[in-house]
Amino acid sequence: MIIPLTGMGGVAPKITPELLPPNLAQTALNVRLHNGGVQSLKTPITVATPTKAGSAVTIYRFGKNQPESQYWFKWTTPVSVARGPIAGDTEETTYYSGDGLPKKTRFGLATSSGTDYPVAYFNVKVPAPTGAPTLTPEAGTGPVVAETRAYVYTNVTAWGEESAPSPASLADVTSTTVIRLSNFTAFPTGSYDFSSGSACRRIYRSVSSSSGTNYYFVGEILPGVTNWADTTDIASVGEPLPSLDWDTPPDDLSGLIALPSGALCGFSKKEVCFSVIGAPYAWPQKYYLTCDYNIVAVAAMGQGVIVLTDGYPYFINSSDPESAQMIRLDEEQACVSARSVVAFGGGVVYASPDGLVSITQSGTTILTKDLYDNETWRALTPANIFAVKHDNRYYGFLASGGFILDTSGNFAFHDVTATSAYVDPVLDQLYVAVGTYIQKWDSGTAKNHVWKSKRHNLGKPVALTCAQIKANAFTDLTFKMYVDGVLKYTKVVTSAEPFRLPSGFRSRIYEFEISGADHWTSAYVAGSMEELKGV
């Protein structure tokens, strides 16, 4: 009789220990199961200590070309961060939601005059003027044919972001008159960048043609200018007004993500919202799509968007807001934690009441269905799960410790209690917030791992007399044998040589546990030394 422990896998709590497949475990703690055998996770090491007070719920490393110790954004609430889809951006313009109004920052704002990053920001919204301009005819060279014109103006931030237009004013103009505009609404005060750089107002007037009537650019004035005369002839008008149907993002915009199209996406209550491609500050209401259920999170999948709610999931077939259409998927799998949502395995994975759900182009699957039933899964309190994807593994964090799920279906626990996690795509590194520190995952010394086998039922009483462990080193490795559920033998293993087990035990039920910091590849327990010769 020989019992091999090979091809070690993770846990499956829904299965009675005696009925587990031979390679699965009752306990798999702090293990790495993807490099052959069982390796220990390493301790995380501290790389930064943010100065902002409070427990970190969201962390984000800003400054893609900076050392990993620099410029950690920290929030004490769930915040969604998206890199700005802006051509030619040299200041790492970054947008985020979940910290009051949707906000934006960039290098000079975020990192100057303090260390509680982001130090400063502006609101994403660019408010439109609330009042129409006053139009006064005055002597001048006007159009050849008298006409009635409409005028509007827009606010433009120092970042070049243009608002929707003001209400329109009408005036008649003749060949001997021009129009002077005045009484512009004051720029809004608060967290808006209208007071520096190239902030301005742009003025547009109506022009009619065979294709209809549109507003065209005729002039630009600085903030201190209080009136302006339009002497632009018809041949010199500029581009059409781009922001006619633009709106500001909802004040309660949540779940901000960047899409491949160059648009941003988020949600407000039951509405999915999109920005204009290349204009993250403009969120036309005509782009909004409405669900039947309250939205919990949105996630990019390929060229589309997955919408997760407290009822059914939805799929939006395009990341281009102009052509986006939404359908409800058939599976009733609610999302119970927005922070559990990650892109993983070609799709989107999230925590539902029934387990970890994966949505891909091929359909919807409960990834943990063979490992957890409803009772054992809900014991983990899935509403508290937050997660990231790193190196093709799903790292989940619980109120205490957490778990790792790989693409082979191995599910193992770890004992690192964190409050937030972040994967840096530039450095390809996972970071966690532990206490007041930002720590780099799996980077220190080897942790103590524990792997406990299934409960082996041999059918009849058998005496097992010897064992052998094959490992890469024997500096920290312990073998334990349980007989009828009771620990009967513990041995510190110091070599690959077979070792004797104590006599006097004959049983049908055996379990084996191996722990320590060394990487071991297989183990064998046998009834005789002769049986171990062939392994």
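What you are looking at is a predicted structure, and each value in this text was computed from that prediction instead of being measured.

Asker: Even after reading the chapter, I still don't get the overall build of the protein, so can you show me in this structure?
Answerer: A count of helical and extended segments in the protein gives three helices and 45 strands. Evaluated residue by residue, the protein yields a buried proportion of 51% over its 535 residues. For the protein, the proportion of contacts with a sequence separation of at least 24, taken over those separated by at least 6, is 59%. Of the roughly 22,500 Å² of accessible surface on the protein, 50% is carried by carbon and sulfur atoms.

Asker: I would appreciate a short explanation of the pattern of salt bridges in the present structure.
Answerer: For side chains bearing opposite charge, pairing can occur when the charged atoms are close. For the coordinates displayed, the defined rule picks out 22 salt bridges. If you follow the salt bridges from partner to partner, you end up with Glu-147, Arg-149, Arg-205 and Asp-230 in one network.

Asker: Got a minute to help me understand the sheet that holds strand 29 (residues 355-360) in this structure?
Answerer: The pairing of strands in a sheet comes from backbone hydrogen bonds and takes either a parallel or an antiparallel form. Taking strand neighbours across the sheet as the criterion, the four strands line up as 27-28-29-30 in an open arrangement whose pairing is antiparallel. Across the chains shown, the open sheet's two edge strands, defined by having one partner strand only, are strand 27 (342-344) and strand 30 (363-366). Going across the sheet, the axis of each strand differs from the next one's by a mean of 30 degrees, ignoring polarity.

Asker: Explain the layout of surface pockets here, please?
Answerer: Where empty space is left can be seen by rolling a probe of water-molecule size over the atoms. Counted as a void, the largest pocket has a volume near 1,400 Å³. Around the largest pocket, the lining comprises 38 residues; the ones closest to its centre are Ser-80, Val-81, Leu-256, Ile-257 and Val-341. Those elements giving two or more residues to the lining of the largest pocket turn out to be strand 6 (58-61), strand 8 (80-83), strand 19 (254-258), strand 23 (295-301), strand 27, strand 31 (386-390) and strand 35 (420-424). Broken down by class, the residue content of the lining of the largest pocket amounts to 28 nonpolar, seven polar and three charged. Empty space within the second largest pocket amounts to approximately 360 Å³. Around the second largest pocket, the lining is made up of 21 residues, and of these Pro-143, Glu-147, Arg-149, Arg-205 and Ile-234 lie nearest the centre. Where the lining of the second largest pocket is concerned, the elements lending two or more residues are strand 13 (147-156), strand 15 (177-182) and strand 16 (200-209). The element contributing the most residues to the lining of the second largest pocket is strand 16, with four residues. For the lining of the second largest pocket, the per-class residue count stands at seven nonpolar, nine polar and five charged.

Asker: Sorry if this is basic, but what is going on with the environment of Trp-520 here?
Answerer: The topology assignment puts Trp-520 in strand 45 (residues 520-526). Overall, Trp-520 belongs to the buried group, its relative accessible area being 0%. Separated by 46 residues in the primary sequence, Trp-520 and Phe-474 place their C-alpha atoms 8.8 Å from one another. Residues within four places of Trp-520 in sequence aside, it is in contact with Leu-5, Met-8, Gly-36, Gly-37, Val-38, His-449, Trp-451, Ile-469, Lys-470, Ala-471, Leu-477 and Ile-514.

Asker: What am I meant to see in the pairing of strand 35 here?
Answerer: Here is the key point about a regular strand: its side chains alternate between the two faces of the sheet. The buried count for strand 35 comes to four of five residues, which makes it a mostly enclosed element. For strand 35 and strand 36 (residues 429-434), the ladder comprises five bridges, and the chain directions are antiparallel. When the sheet's bridge partners are listed, Ser-420 is paired in strand 36 with Ala-433. Linking strand 35 back to strand 36 in an antiparallel pair, the connection comprises four residues, with Asp-428 at a positive phi of about 50 degrees.

Asker: How do you make sense of the sheet that holds strand 36 when you look at a structure like this?
Answerer: Pairing in this open sheet of four strands is antiparallel, and the strands run 5-37-36-35 from one edge to the other. On the outer flanks of this sheet lie strand 5 (45-48) and strand 35, each paired with one strand and no other. On average, each strand axis in the sheet is inclined to that of its neighbour by 35 degrees, with strand direction left out of account.

Asker: Explanation requested: the state of the cysteines in the structure shown.
Answerer: Here a disulfide denotes a covalent bond joining the sulfur atom of one cysteine to the sulfur atom of another. Tallied over the entire structure, the rule returns zero disulfides. Cysteine Cys-273 remains unbridged, with the sulfur of Cys-265 as its closest cysteine sulfur at 7.6 Å. Since its relative accessible area comes to 0%, Cys-273 is described here as buried. Lacking any disulfide linkage, Cys-335 is separated from the closest cysteine sulfur, that of Cys-291, by 13 Å.

Asker: What is the right way to look at the environment of Arg-201 in this model?
Answerer: Counting through the fold element by element, Arg-201 comes out in strand 16. For the pair Arg-201 and Gly-238, spaced 37 residues apart in sequence, the C-alpha separation works out to 15 Å. A polar contact of 3.4 Å, which involves the side chain of Arg-201, links it to the backbone oxygen of Pro-223.

Each value, and the rule that gives it
Residues numbered from 1 in each chain as written. Predicted model: local features only at pLDDT ≥ 70, side-chain atom pairs only at ≥ 80, totals over all residues. Heavy atoms only, no water. Helix = DSSP H or I, 4+ residues; strand = E, 2+ residues; numbered from the N terminus. Buried < 20%, exposed > 50% of the residue type's maximum accessible area, 1.4 Å probe, protein only. Contact = heavy atoms within 4.5 Å. Areas by Shrake-Rupley, 256 points an atom, 1.4 Å probe, with all protein chains shown as cover. Salt bridge = Lys/Arg side-chain N within 4 Å of Asp/Glu carboxyl O. Pairing = 2+ DSSP bridges. Axes fitted to C-alpha atoms, helices over the stretch in contact; angles between N-to-C directions. 1 Å grid on protein atoms, 1.4 Å probe; cavity = no way out; pocket = protein on both sides within 12 Å on 5 of 7 lines; lining within 4 Å. Points joined across faces, edges and corners; volume = space filled by probe spheres on them. Nonpolar A, V, L, I, M, F, W, Y, C, P; charged D, E, K, R; others polar. Disulfide = S-S within 2.5 Å. Polar contact = N/O pair within 3.5 Å; in protein donor to acceptor, adjacent residues only side chain to side chain.

In short, geometric facts, not functional conclusions.
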